[in-house]
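A closer look at the structure
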Amino acid sequence: MSRADILSNIRRGLNRSQDDSQRQQTVANRLAAKANNLIPGRAQLPFTEQVELFKAMATEAVAELIELDSLEQVPQACADWLSGHHFNQLISASNTELSQLDWSPLEQQQISRIERVAQAGDIASLTLSFAGIAETGTLMLHSGEQSPTTLNFLPDNHLVVLFRSAIVGVYEEAWKKLRDKFADSMPRTVNMITGPSRSADIEQKLQMGAHGPKKLIILLIND
């Protein structure tokens, strides 16, 4: 059956007339309003408590949390974490905020930093997150020229910078924040990341890194 035949049968089953303009306008109005659905109460908290909830939920999801006072401390934190795990490579995008930092701490520990998209076999990547969602300890990242999605999934270790001020309570707030930034030109890809990748599909044994990084390290900047 053609697509037109299938849709026609559905309309007849729903007793829809050919003049569907009123229903279409109702749908358009609903989409334009962007009304919230039912929002869980546990994340409707004062901002300070939302931050604490995010930290607790992210830790529960087996993410590592490193708190820093400023973005300038990121290179040293990366160098310490990578050298502590005997890794000698860090992949990051050509991101303006990251590129302008002083990366000499990596050089001092003989760790190379390469600006490119991630490839299979890369050890670790560094990205900036768009928002943190307290409700579930989730990071929101979006694709773009300075934030290729490959960095989020191909390396075994994913280091993510999150500004404290970018933490929101619930998913709806994060989506509003994204729409406010991009208006009608949304990113091609939006990733929600909660802890490292894992699966227990095979014999109910937990496997880390099943579909992405084995470790997620959140560098929380107390801006």
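Right above here is the structure, for reference.
Below is a short write-up of the structure. Bear in mind that the values here come from a model prediction, so they are computed numbers and not experimental data.

Quick look at unusual backbone geometry
- Phi angles above zero are rare outside glycine, and Val-62 is one such case at about 70°.
- Looking at the secondary structure, you find Val-62 in the loop between helix H3 (47-60) and strand E1 (64-68).
- Judged by its relative accessible area of 47%, Val-62 falls in the partly exposed class.
- The phi angle at His-86 is positive, at roughly 60°, despite the residue not being glycine.
- Among the secondary structure elements, His-86 is positioned in the loop between helix H4 (74-84) and strand E2 (89-92).

Observations regarding the environment of Glu-64
- Position of Glu-64 among the secondary structure elements: in strand E1.
- A relative accessible area of 29% means that Glu-64 is categorised as partly exposed.
- A sequence separation of 95 residues divides Glu-64 from Leu-159, and the C-alpha atoms of the two residues are 9.3 Å apart.
- Contact partners of Glu-64, with chain neighbours within four places excluded, come to Trp-81, Lys-215, Leu-216, Ile-217 and Ile-218.

Some words on a nonpolar patch on the surface
- On the surface, Ile-6, Leu-7, Ile-10 and Leu-14 cluster together into a nonpolar patch covering about 330 Å² of accessible area.
- Mapping Ile-6 onto the fold places it in helix H1 (residues 3-13).
- Overall, the relative accessible area of 40% leaves Ile-6 in the partly exposed class.

What to know about the nonpolar core
- In this structure, Val-74, Cys-78, Leu-90, Leu-126, Leu-139, Val-161 and Leu-219 are the most contacted members of the largest nonpolar core, which totals 42 residues.
- Broken down by secondary-structure element, the contributors of at least two residues to this core are H3, H4, strand E4 (124-128), strand E6 (138-142), strand E7 (157-163) and strand E12 (215-221).
- The residues touching Cys-78, leaving out its near neighbours within four places in the chain, are Leu-90, Trp-103, Leu-106, Leu-126, Leu-159 and Leu-219.
- Of all hydrophobic cores here, the second largest spans seven residues; its members include Phe-130, Met-140, Val-168 and Ala-174.

Overview of the sheet that holds E1
- Strand order in the open sheet formed by six strands is E1-E12-E7-E4-E2-E3, with parallel pairing between adjacent strands. Each edge of the open sheet is held by one strand with a lone partner, namely E1 and strand E3 (112-115). Strand-to-strand twist in this sheet, taken as the mean axis angle between neighbours without regard to direction, amounts to 25°.
- Here five bridges tie E4 to E7, and the two strands are oriented parallel to one another. Bridge assignment links Thr-127 to a residue of E7, and that residue is Val-160.

What counts as what
- Residues numbered from 1 in each chain as written.
- Predicted model: local features only at pLDDT ≥ 70, side-chain atom pairs only at ≥ 80, totals over all residues.
- Heavy atoms only, no water.
- Helix = DSSP H or I, 4+ residues; strand = E, 2+ residues; numbered from the N terminus.
- Buried < 20%, exposed > 50% of the residue type's maximum accessible area, 1.4 Å probe, protein only.
- Contact = heavy atoms within 4.5 Å.
- Patch = residues over 30% accessible without salt bridge, like charges linked within 9 Å, V, L, I, M, F, W, Y side chains within 5 Å.
- Areas by Shrake-Rupley, 256 points an atom, 1.4 Å probe, with all protein chains shown as cover.
- Salt bridge = Lys/Arg side-chain N within 4 Å of Asp/Glu carboxyl O.
- Core = buried A, V, L, I, M, F, W, Y, C linked by side-chain atoms within 4.5 Å.
- Pairing = 2+ DSSP bridges.
- Axes fitted to C-alpha atoms, helices over the stretch in contact; angles between N-to-C directions.

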